[in-house]
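Descriptive structure summary
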Amino acid sequence: GSVVGAVFVILIILSGFVFYQIALLTMNNYNRVTDEMNQADWRKANEELTIVNAHITGENYLDMTVKNTGSVQSVIEWIGIFNQSMTPEGQWFFSADIPVAIGENRTFNSGEEGIFISTFKITSNQKYVVQLVTKEGNNYVFTLYPASQADLALSLIAVPATVYQGNNITVFATVTNINEY
């Protein structure tokens, strides 16, 4: 009888030890995943890209310059191009792997092999929205308006106001982009 009792006591102790190990392993996994999520949230919050310039080249390629103004390196993973002048709206998505180091200006072109799957041409005089999606999940959007939709203010100043034959006149022309983009 005492052997059977000793076996039960050993089984109870082993069961408690196994339960303790499982609980400890689960808590360690939980803490590890929580730390990884906090680090990912921190990287996402500290990532900041600025689209410095986007324009259409003479060959109808999209040319973009992006600056990393954040405190972590960014990697552009997806480029979305939306033609809002079409009905229905034209949508193209390109998988990319474009690293942008902290403080770096990075220029890329839709005609470059390796950045876009194939060379992609833009139709001029169309309104496009360009969306960049980073590895951390942040989205950066730039609207590319055709020249005919640009809101510009023109100031023309002639000095002197009255000019006599044989005299010179100086003309100052100032063009200001008053569009919100």
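Structure report, in brief. (Residues numbered from 1 in each chain as written. Predicted model: local features only at pLDDT ≥ 70, side-chain atom pairs only at ≥ 80, totals over all residues. Heavy atoms only, no water.)

Details of the packing of aromatic side chains
We count it as follows: Two aromatic rings, drawn from Phe, Tyr or Trp (for Trp, its six-membered ring), form a pair once their centres lie within 6.5 Å of each other, and the interplanar angle then sorts them: stacked below 30 degrees, edge-to-face above 60, tilted otherwise. Runs of E in the DSSP output that reach at least two residues are strands. Runs of H or I that reach at least four are helices, and both are numbered from the N terminus.
One pass over the structure, following the stated rule, counts one aromatic pair. Here the aromatic rings of Phe 82 and Phe 93 are separated by 5.5 Å at their centres, their planes lie at 80 degrees, and the arrangement is edge-to-face. Placement of the pair is Phe 82 in strand E3 (residues 74-83) and Phe 93 in strand E4 (residues 90-100), with a sequence separation of 11 residues.

Observations regarding the pattern of salt bridges
Rule in force here: Any carboxyl oxygen of Asp or Glu within 4 Å of a side-chain nitrogen of Lys or Arg constitutes a salt bridge here. Summary of the burial criterion: residues with accessible area below 20% of their type's maximum are buried, those above 50% are exposed, and those between are partly exposed, where the area comes from a 1.4 Å probe applied to protein chains only.
All chains considered together, the criterion is met by two salt bridges. The shortest N-O distance in the salt bridge between Arg 32 and Glu 36 comes to 3.3 Å. Residue Arg 32 and its partner Glu 36 are located together in helix H1 (residues 2-45), separated by four residues, close to a single helical turn. Residue Arg 32 is classed as partly exposed on the basis of its relative accessible area of 43%. Here Glu 136 makes a salt bridge to Arg 43, at a shortest N to O gap of 3.3 Å. Here Arg 43 lies in helix H1 and Glu 136 lies in the loop between strand E6 (128-134) and strand E7 (139-144), a separation of 93 residues in the sequence.

Details of the nonpolar core
Note that soluble globular proteins tend to have their nonpolar side chains buried in a common cluster. Inclusion rule: By nonpolar core we mean a set of buried residues, namely Ala, Val, Leu, Ile, Met, Phe, Trp, Tyr and Cys, connected to one another through side-chain atoms within 4.5 Å. Residues count as neighbours in contact if any of their non-hydrogen atoms are within 4.5 Å of one another.
Within the largest apolar cluster, 21 residues are counted, with the highest numbers of intra-cluster contacts made by Met 64, Ile 76, Ile 79, Ile 81, Phe 108 and Leu 132. Tallying contributions element by element places E4 first for this core, with four residues. Among residues more than four places away in sequence, those in contact with Met 64 are Ile 51, Asn 53, Ala 54, Arg 106, Thr 107, Phe 108, Val 130 and Leu 132.

Focus on the sheet that holds E3
Stated precisely, the cut-off is as follows: When DSSP finds two or more bridges between two strands, those strands count as paired. For helices, the fitted axis covers only the stretch in contact; all axes are lines through C-alpha atoms, and the angles between them, taken along N-to-C directions, range from 0 to 180 degrees.
Taken in spatial order, the four strands make up an open sheet running E4-E3-E6-E7, and their pairing is antiparallel. Edge strands, defined here as strands with exactly one partner in the open sheet, are E4 and E7. Neighbour-to-neighbour, the strand axes of the sheet open up by a mean angle of 20 degrees, direction not taken into account. In terms of strand pairing, E3 meets E6 through seven bridges, oriented antiparallel. The residue bridging Asn 83 from the neighbouring strand is Tyr 128, located in E6.

So yeah, pure geometry; function would need other evidence.
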